[in-house]
Amino acid sequence: MATTPYIISVAKIWDQGVHNAFTDLLRFDGRWWCTFREADDHGPSIGKVRVICSDDGSDWQSVALLEQQEVDLRDPKLSIAPDGRLMLVMGGCVYGSGKFGTRSPRVAFSPDGVNWSVPQKVLAEDHWLWRVTWHEGMAYSVSKLGEGGNPRRGFLYSSVDGLDWRWICEFFLPDDTWTASETTLRFMPDETLIALVRPDWIGASQPPYIDWQWTQIDEQMGGPNFIRWSDGVLWAGGRGRHPQGGAAMVLSRMTPSSYTPALWLPSGGDCSYPGMVEHDELLWLSYYSSHEGKTSIYLAQIEV
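The shown structure was predicted, so the numbers you read here are calculated from the model rather than taken from an experiment.

Time to look at the overall build of the chain. In terms of helices and strands, the chain carries 0 helices and 24 strands. The C-alpha radius of gyration of the chain comes to 18 Å, within 12% of the 19 Å expected for a compact globule of 304 residues. Each principal axis of the C-alpha distribution contributes one length, and for the chain these read about 40 × 40 × 40 Å. Put simply, 46% of the contacts in the chain that link residues at least 6 apart link residues at least 24 apart. Within the structure as shown, the chain displays about 12400 Å² of accessible surface, and the carbon and sulfur contribution to it stands at 48%. Charge centroids of the chain, computed over 25 positive and 38 negative side chains, lie 5 Å from each other.

Structure representation (structure tokens):
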């Protein structure tokens with residue numbers, strides 16, 4: 001294992017949309033699955049969710065395109081439900097006259113990654129389940145409630161089927177100048193639940209996950225994701241800053257109370273939102289970036 005992470009390879013795997021962004025990556029049925037949003041731009045435009053697939057991580061084919069009329073589907077995240085189906089959770093934003101109107105989470109399922117159910121609304125309007133983590137047959141997710149000039153709040157939910165969600169608690173961060181936003185949850189072997197929260201928080205809680213301890217980190221991030229490596233080390237990814245300035249896709253070492261940048265991937269401008277998978281002793285990391293001009297999807301293999 002490398003003491004300092006280094007890049008084995010980086011390849012552009014998709015650029016056919018006008019703006020390709022907000023990725024996730026999963027290993028399922030012996031194949032690679034990557035999902036992301038295609039739209040006219042980063043902001044208020046009608047987005048569609050693309051799913052592409054590869055046997056080897058090099059040659060990719062589009063296998064599905066999810067869309068809803070006049071709805072911006074964005075930030076798709078993949079998971080595997082207990083019944084073996086693939087699950088997609090995504091935000092569904094509705095705009096009027098080019099301005100944000102309302103939103104609610106959408107959920108879709110597939111037995112094979114190709115044939116997907118119609119995205120179904122869950123929770124109430126203005127919620128956004130950002131990523132789903134399954135643990136012992138139960139789905140967990142944090143909804144960020146509120147947008148624009150409204151106060152933003154974070155709520156932890158659980159579900160047995162990904163459709164009906166039960167409220168667990170609200171996240172009360174010590175610094176209320178920016179409350180909970182995009183959040184990734186992971187379970188540790190001792191049942192501790194760790195939350196990585198945009199822009200600069202790490203939380204930890206024990207069952208029943210009502211009381212949380214928070215650490216504010218020195219780095220700010222967007223599109224946070226992290227995984228627990230087979231040796232127990234936590235690796236995190238998200239939009240950060242390059243030492244020479246500018247936005248970058250950054251890989252960081254993480255603990256329940258620290259976050260230390262370790263590797264800056266080829267990236268810049270509009271970028272980040274990684275999917276992360278450990279496979280064959282390498283970190284496979286999908287992300288998007290505009291450093292080559294067009295906002296495109298990339299896949300990196302990294303030794304950590």
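Right, picking up where we left off after that structure.
Bringing the nonpolar core into the picture now. Ile 13, Leu 25, Cys 34, Ile 52, Trp 60 and Ile 297 are the most contacted members of the largest nonpolar core, which has 20 residues in total. Mapped onto this core, the elements with two or more residues apiece are β1 (6-14), β2 (19-28), β3 (31-39), β22 (272-279), β23 (282-289) and β24 (296-303). Beyond its immediate stretch of four places on either side in the chain, Ile 13 contacts Cys 34, Ile 52, Trp 60, Ile 297, Tyr 298 and Leu 299. Of all hydrophobic cores here, the second largest spans 17 residues; its members include Leu 156, Ile 168, Phe 171 and Trp 214.

This next bit is on empty space enclosed by the protein. One simple way to see leftover space: roll a probe sized like a water molecule over the atoms. The full count for this structure, using the stated rule, is 1 cavity of 30 Å³ or more. Reported here for the largest cavity is a volume of approximately 60 Å³. Forming the boundary of the largest cavity are Glu 219, Gln 220, Met 221, Gly 238, Arg 239, Gly 240, Arg 241, Val 250, Ser 252, Tyr 259 and Pro 261. Contributions of two or more residues to the lining of the largest cavity are made by β19 (234-241), β20 (247-255) and β21 (258-264). In terms of residue class, the lining of the largest cavity is made up of 4 nonpolar, 4 polar and 3 charged.

Attention shifts here to the layout of surface pockets. The computed volume of the largest pocket comes to approximately 440 Å³. Forming the walls of the largest pocket are 21 residues, and the residues nearest its centre are Leu 26, Thr 133, Arg 186, Ile 227 and Met 276. Of all the secondary-structure elements, those providing two or more residues to the lining of the largest pocket are β2, β6 (72-80), β10 (129-135), β14 (183-187), β18 (222-228) and β22. A total of 5 residues in the lining of the largest pocket trace back to one element, the largest contributor, which is β10. Here the lining of the largest pocket is composed, by residue class, of 11 nonpolar, 5 polar and 5 charged.

Here the focus is the sheet that holds strand β5 (residues 61-66). Strand order in the open sheet formed by 4 strands is β2-β3-β4-β5, and the pairing between neighbours is antiparallel. Every other strand in the sheet has two partners, leaving β2 and β5 as the edge strands with one partner each. The average undirected angle you get between the axes of adjacent strands in this sheet is 25°. Across 5 bridges, strand β4 (residues 48-54) lies against β5 in antiparallel orientation. In the strand pairing of β5, Cys 53 is matched with Gln 61.

Applying the stated criterion across every chain, the model contains 14 salt bridges. Arg 31 is the partner of Asp 55 in a salt bridge, and the nearest nitrogen-oxygen pair spans 2.9 Å. Of the two residues, Asp 55 sits in the loop between β4 and β5 while Arg 31 sits in strand β3, which places them 24 residues apart along the sequence. By relative accessible area, which is 28% here, Arg 31 ends up partly exposed. Residues Arg 198 and Glu 182 are paired through a salt bridge, measuring 3.1 Å at the closest nitrogen-oxygen approach. One end of the pair, Arg 198, is in the loop between β15 (193-197) and β16 (201-205); the other, Glu 182, is in the loop between β13 (166-171) and β14, with 16 residues separating them in the sequence. In the salt-bridge network here, residues are joined through shared partners; they are Lys 12, Asp 15 and Glu 292.

Let's shift gears to the packing of aromatic side chains. By the definition in use, this model includes 14 aromatic pairs. Connected via pairs of aromatic rings, a cluster forms that spans Phe 22, Trp 130, Tyr 273 and Tyr 288.

Let us now look at unusual backbone geometry. Each neighbour pair has its own omega, and for Arg 198 with Pro 199 the value is 10°, a cis peptide bond. Turning to its location among the elements, Pro 199 is positioned in the loop between β15 and β16. The amide bond that connects Pro 207 to the next residue, Pro 208, takes the cis arrangement and shows omega of 5°. By secondary structure assignment, the location of Pro 208 is in the loop between β16 and β17 (213-216). With phi around 65°, Glu 70 is a residue other than glycine that occupies positive phi space. Here Glu 70 shows up in the loop between β5 and β6. We classify Glu 70 as exposed; its relative accessible area is 58%. If you check the backbone angles, Leu 123 has positive phi at about 60° while not being a glycine. For Leu 123, the location among the structural elements is in the loop between β9 (120-121) and β10.

Scoring rules and cut-offs
- Residues numbered from 1 in each chain as written.
- Predicted model: local features only at pLDDT ≥ 70, side-chain atom pairs only at ≥ 80, totals over all residues.
- Heavy atoms only, no water.
- Helix = DSSP H or I, 4+ residues; strand = E, 2+ residues; numbered from the N terminus.
- Rg over C-alpha atoms; globule rule 2.2 N^0.38 Å.
- Contact = heavy atoms within 4.5 Å.
- Areas by Shrake-Rupley, 256 points an atom, 1.4 Å probe, with all protein chains shown as cover.
- Lys, Arg positive; Asp, Glu negative; His and termini not counted.
- Charge placed at Lys NZ, Arg CZ, Asp CG, Glu CD.
- Core = buried A, V, L, I, M, F, W, Y, C linked by side-chain atoms within 4.5 Å.
- Buried < 20%, exposed > 50% of the residue type's maximum accessible area, 1.4 Å probe, protein only.
- 1 Å grid on protein atoms, 1.4 Å probe; cavity = no way out; pocket = protein on both sides within 12 Å on 5 of 7 lines; lining within 4 Å.
- Points joined across faces, edges and corners; volume = space filled by probe spheres on them.
- Nonpolar A, V, L, I, M, F, W, Y, C, P; charged D, E, K, R; others polar.
- Pairing = 2+ DSSP bridges.
- Axes fitted to C-alpha atoms, helices over the stretch in contact; angles between N-to-C directions.
- Salt bridge = Lys/Arg side-chain N within 4 Å of Asp/Glu carboxyl O.
- Phe/Tyr/Trp six-rings, centres within 6.5 Å; stacked < 30°, edge-to-face > 60°.

That's the geometry; what it means functionally is another story.
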